[in-house]
Amino acid sequence: MVIVLFGKPGAGKGTQAPRLAAALGVPILATGEALRAAIREGTPMGLAAKAAMDRGELVADEVILGIVKETLASAPFANGAILDGVVRTTPQAEGLNRVLADIGRKLDAVLVFDIADAEIVQRVSGRLVCDKCSAPFSGRAPGESCDVAGCQSGQGGGTLVRRKDDEPEAVLTRLEQYKAKTAPVLEWYGKNGARIATIDAVGTVDEITNRAKHALGL
Ligand code: AMP
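Right, let's walk through the structure included here. Please read all numbers here as calculations on a predicted model, not as lab measurements.

## Some details on the sheet that holds strand β5 (residues 127-130)
Each strand in a sheet pairs with another by means of backbone hydrogen bonds, the pair being arranged parallel or else antiparallel.
Phase 1 of the analysis: Read from one edge of the open sheet, three strands run β6-β5-β7, paired in antiparallel fashion. At either end of the open sheet lies a strand with only one pairing partner, and these are β6 (136-138) and β7 (160-161).
Phase 2 of the analysis: Alignment of β5 against β7, held across two bridges, turns out to be antiparallel. Directly across from Val129, in β7, lies its bridge partner Val161.

Take a look at the structure:
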């Protein structure tokens, strides 16, 4: 199964992706995560993407489609994927369809996380991530130890930090980019016959997982 998780930054896609991936038995492709890994490793792609990412702007479609093509054609993705944060522009939607056609697959559904801007700003301002494993946290303080299994500080693990693009100014830029470039993609999907399932993205993590599974018929 190939599922696109779609929604504003901070809508909860990254929190739900591992749960849905486990339910479906397919891996996750998160372009934001792939780009952050490239920045940590200091690759040319990471260096080129960093400034735009820090400002909350989108990275070029060709870069994103390069990651998508390489990842989806790799062996671990042979049975499908959960796409988290991919498809943020119409050219990316067109490119994804081409990549899927080339490998004999198709998009099964676009799962839309519906949430108001005010809720996003509040949510993201309280969000921290592990600097090693990128797991998201809320209700915790910067500098605390990550407690994901195998990633505790002191065991070579991570520390909780605020992402640069979760600073208030970058969040507003990301919401503007969403409205200008990403929201129109849903219209494109509607016209191109994709199955679109929309869920209310406000609730507990478990509630939202249940809504997502129900919407996907799992
Ligand atoms: P995310 O972790 O999904 O919130 O992505 C963090 C940042 O990475 C975004 O604000 C963009 O700068 C960049 N990025 C991730 N995925 C994409 C994409 N599909 N298209 C363009 N930029 C992206």
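## Looking at the pairing of strand β3 (residues 81-84)
Phase 1 of the analysis: Side chains of β3 alternate between two faces, with Ala81 and Leu83 and Ile82 and Asp84 buried alike.
Phase 2 of the analysis: Both strand β1 (residues 2-7) and β3 contribute to a ladder of four bridges, which runs parallel. Counterpart to Leu5 in the pairing with β3 is Asp84.
Phase 3 of the analysis: Where strand β2 (residues 28-30) lies against β3, three bridges are found, and the strand directions are parallel. Along β3, the bridge assignment pairs Ala30 with Asp84.

## What to know about the site of the ligand
Phase 1 of the analysis: The local shell around the ligand holds 17 residues, among which Thr31, Glu57, Gly85, Arg88 and Gln92 are the closest.
Phase 2 of the analysis: Arg88 places a side-chain nitrogen or oxygen 2.9 Å from a nitrogen atom of the ligand.
Phase 3 of the analysis: For the ligand, whose free accessible area comes to 480 Å², the fraction covered by protein is 95%.
Phase 4 of the analysis: At four residues, helix α2 (residues 31-41) tops the list of elements feeding residues into the shell around the ligand.
Phase 5 of the analysis: Taken together, the residues of the shell around the ligand sort by class into seven nonpolar, four polar and six charged.

## A word on the nonpolar core
Phase 1 of the analysis: Ranked by internal contacts, the top residues of the largest apolar core, which has 28 residues, are Val4, Leu72, Leu83, Leu96 and Tyr189.
Phase 2 of the analysis: Breaking this core down by element, the ones donating at least two residues are β1, α3 (44-55), α4 (61-72), β3, α5 (90-102), β4 (109-114) and α7 (168-191).
Phase 3 of the analysis: Setting aside residues no more than four positions away along its own chain, Leu96 makes contact with Val4, Leu65, Val68, Leu72, Leu83, Val87 and Tyr189.

## Section: the sheet that holds β3
Phase 1 of the analysis: Overall, parallel pairing links the five strands, which are arranged β2-β3-β1-β4-β8 in an open sheet. Edge positions in the sheet fall to β2 and β8 (196-200), since each of these pairs with one other strand and no more. When the angles between neighbouring strand axes are averaged without regard to direction, this sheet yields 20 degrees.
Phase 2 of the analysis: Contacts between helix α1 (residues 13-24) and the sheet are confined to β1, β2, β3 and β4, with β3 contributing the most and set at about 175 degrees to the helix.
Phase 3 of the analysis: Each of β4 and β8 touches helix α8 (residues 205-215); the most contacted strand, β8, lies at about 160 degrees to it.

About the cut-offs
Residues numbered from 1 in each chain as written. Predicted model: local features only at pLDDT ≥ 70, side-chain atom pairs only at ≥ 80, totals over all residues. Heavy atoms only, no water. Pairing = 2+ DSSP bridges. Helix = DSSP H or I, 4+ residues; strand = E, 2+ residues; numbered from the N terminus. Buried < 20%, exposed > 50% of the residue type's maximum accessible area, 1.4 Å probe, protein only. Near = heavy atom within 4 Å. Polar contact = N/O pair within 3.5 Å; in protein donor to acceptor, adjacent residues only side chain to side chain. Areas by Shrake-Rupley, 256 points an atom, 1.4 Å probe, with all protein chains shown as cover. Nonpolar A, V, L, I, M, F, W, Y, C, P; charged D, E, K, R; others polar. Core = buried A, V, L, I, M, F, W, Y, C linked by side-chain atoms within 4.5 Å. Contact = heavy atoms within 4.5 Å. Axes fitted to C-alpha atoms, helices over the stretch in contact; angles between N-to-C directions.

Distances and angles like these do not, on their own, reveal function.
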